[in-house]
Amino acid sequence: MIHRWSGRPLGWQWRPQVLRDWRCNVHSIYLSASAQEKNIGADGVSEETRMQELARDIAEILSARGLVVYLNRPEWSLNEIIEDSNNKIPNLHLALHSNAGGGTGVETWCYRISGTKSAEFGAKLQAAVVKAIGLSDRGIKDATVPGHRLAEVANTKATACLIELFFHDRLFDVAAFTRNRKSVIDAITGVILEWFGIASKDFPTQMMDFAMDNGWLNERRNPYTLPTWWELIAFMRNVKGR
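Residues numbered from 1 in each chain as written. Predicted model: local features only at pLDDT ≥ 70, side-chain atom pairs only at ≥ 80, totals over all residues. Heavy atoms only, no water.

1. Some details on the confidence of the model for the protein chain
The test is simple: pLDDT measures the predictor's confidence residue by residue and takes values from 0 up to 100. A contact between two residues is defined here by any heavy atoms of the two lying within 4.5 Å.
Scored by pLDDT, the protein chain comes out at a mean of 84, with 72% of its residues at no less than 70. Under a pLDDT of 50 for its full length, residues 1–24 has, in the predicted model, 24 contacts with residues more than four places off or in other chains.

Here you go:
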């Protein structure tokens with residue numbers, strides 16, 4: 001979609017916060033959603049479908065905050081995904097998956113479990129997602145150990161992690177993810193933005209959240225769009241009256 005007066009794609013509107021982020025440092029992430037279409041969940045939805053949708057929703061939020069976001073294609077093989085990531089040279093590579101085998105909970109696979117940026121990021125991600133989804137903490141795991149080596153973590157050039165968000169063959173886990181999906185998205189995006197030193201919300205969003213919390217506004221549009229004039233006026237009137 002093209003902006004009606006600038007002729008630029010809507011994602012490239014001249015938002016001050018986005019420009020500041022780009023001037024200071026261009027951060028990038030590769031979101032690699034599961035391409036395992038034959039892994040069918042307890043609710044009949046495939047792992048591929050669920051993770052691809054999740055990746056797109058996360059990408060939309062991160063892009064709005066000024067990050068460059070790369071996405072894999074669902075028809076690609078694992079080797080093609082790794083090659084594409086290494087060609088793009090992102091700062092972070094995050095693989096999004098759901099687990100299987102009759103267990104329950106969240107686990108994150110890292111490049112070693114200590115002394116690496118992967119382990120540091122993975123620990124933060126693991127803690128945030130466990131809290132958001134409300135499932136058991138299976139901890140961070142070493143993706144370089146023989147017998148458990150994960151190529152997507154071990155062979156990517158970027159700081160990489162692979163998170164198994166829940167067990168898709170366990171209805172209890174699927175329900176927990178479905179119920180807490182927004183919280184999981186907020187947790188993942190929050191950790192990524194914190195990792196890059198970017199506030200999870202820009203000032204207009206913080207301002208509108210404050211107005212909503214105080215009852216000055218009773219509705220608003222997509223929380224990741226800039227406020228309208230009437231929203232700003234409502235905010236300023238109430239601030240002036242305090």
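2. Some words on the packing of aromatic side chains
By convention here, two paired aromatic rings are described through the distance between centres and the angle between planes. To keep it simple, the criterion reads: Stacked, tilted and edge-to-face pairs are distinguished by plane angle, under 30 degrees for stacked and over 60 for edge-to-face with tilted covering the rest, among Phe, Tyr and Trp rings (Trp via its six-membered ring) whose centres lie within 6.5 Å. A run of H or I in DSSP becomes a helix once it reaches four residues, and a run of E becomes a strand once it reaches two; helices and strands are each numbered from the N terminus. Per-residue accessibility, obtained with a 1.4 Å probe over protein chains only, is compared with the maximum for each type, and a residue is labelled buried under 20%, exposed over 50%, and partly exposed between these values.
Counted according to the given criterion, the structure contains three aromatic pairs. An angle of 75° between the planes, with centres 5.4 Å apart, marks the rings of Phe121 and Trp195 as edge-to-face. Of the two residues, Phe121 sits in helix H4 (residues 117–133) while Trp195 sits in helix H7 (residues 181–195), which places them 74 residues apart along the sequence. The exposure class of Phe121 is buried, given its relative accessible area of 1%. Take Trp195: its relative accessible area is 24%, and that puts it in the partly exposed class.

3. Quick look at the side chain of His93
Structurally, His93 is set in strand E3 (residues 92–99). If near-sequence neighbours (up to four positions away) are discounted, His93 is found in contact with Tyr30, Ser32, Ile81, Ser85, Glu152, Thr156, Ala158, Thr159, Ala160 and Cys161.

4. Considerations on the nonpolar core
Condition: What is meant by a nonpolar core is a set of buried Ala, Val, Leu, Ile, Met, Phe, Trp, Tyr and Cys residues, joined one to another through side-chain atoms within 4.5 Å.
Judged by nonpolar contacts, the single largest core of 40 residues is most densely connected at Ile29, Leu67, Leu94, Leu96, Leu165, Ile188 and Ile192. At the level of secondary structure, the elements contributing two or more residues to this core comprise strand E1 (28–33), helix H2 (47–64), E3, strand E4 (106–110), H4, strand E6 (159–167), helix H6 (171–179) and H7. Excluding residues that lie within four positions of it along the chain, Ile29 makes contacts with Leu62, Leu67, Val68, Val69, Tyr70, Pro90, Leu92, Leu94 and Ile192. Within the second largest apolar cluster, five residues are counted, among which are Ala95, Trp109, Ala143 and Leu162.

5. Comments concerning the sheet that holds strand E5 (residues 137–142)
Spelled out, the test is: Criterion used throughout: strands pair if DSSP finds at least two bridges between them. For helices, the fitted axis covers only the stretch in contact; all axes are lines through C-alpha atoms, and the angles between them, taken along N-to-C directions, range from 0 to 180 degrees.
Pairing within the open sheet is mixed, and its six strands lie in the order E2-E1-E3-E6-E4-E5. Because the sheet does not close on itself, it has two edges, and the strands there are strand E2 (68–71) and E5. Here the average twist between neighbouring strands, direction ignored, is 20°. In this sheet, E5 lies alongside E4 in parallel orientation, the contact comprising four bridges. The residue of E5 that forms the bridge with Val106 is Asp137. Relative to E3, H7 is tilted by about 160°, and along the sheet it contacts E1, E3 and E6.

6. Some remarks on the pairing of E1
How we decide: Orient the strands so they point away from the viewer; a crossover is then right-handed if the path from the first strand over the helix to the second runs clockwise.
Taken across its six residues, E1 has six buried, putting it largely inside the fold. Burial along E1 is two-sided: the face carrying Ser28, Tyr30 and Ser32 and the face carrying Ile29, Leu31 and Ala33 are both buried. With four bridges joining them, E1 and E2 adopt parallel strand pairing. Bridge pairing links Ile29 to Val69 in E2. For the segment spanning E1, H2 and E2, crossover handedness is right-handed.

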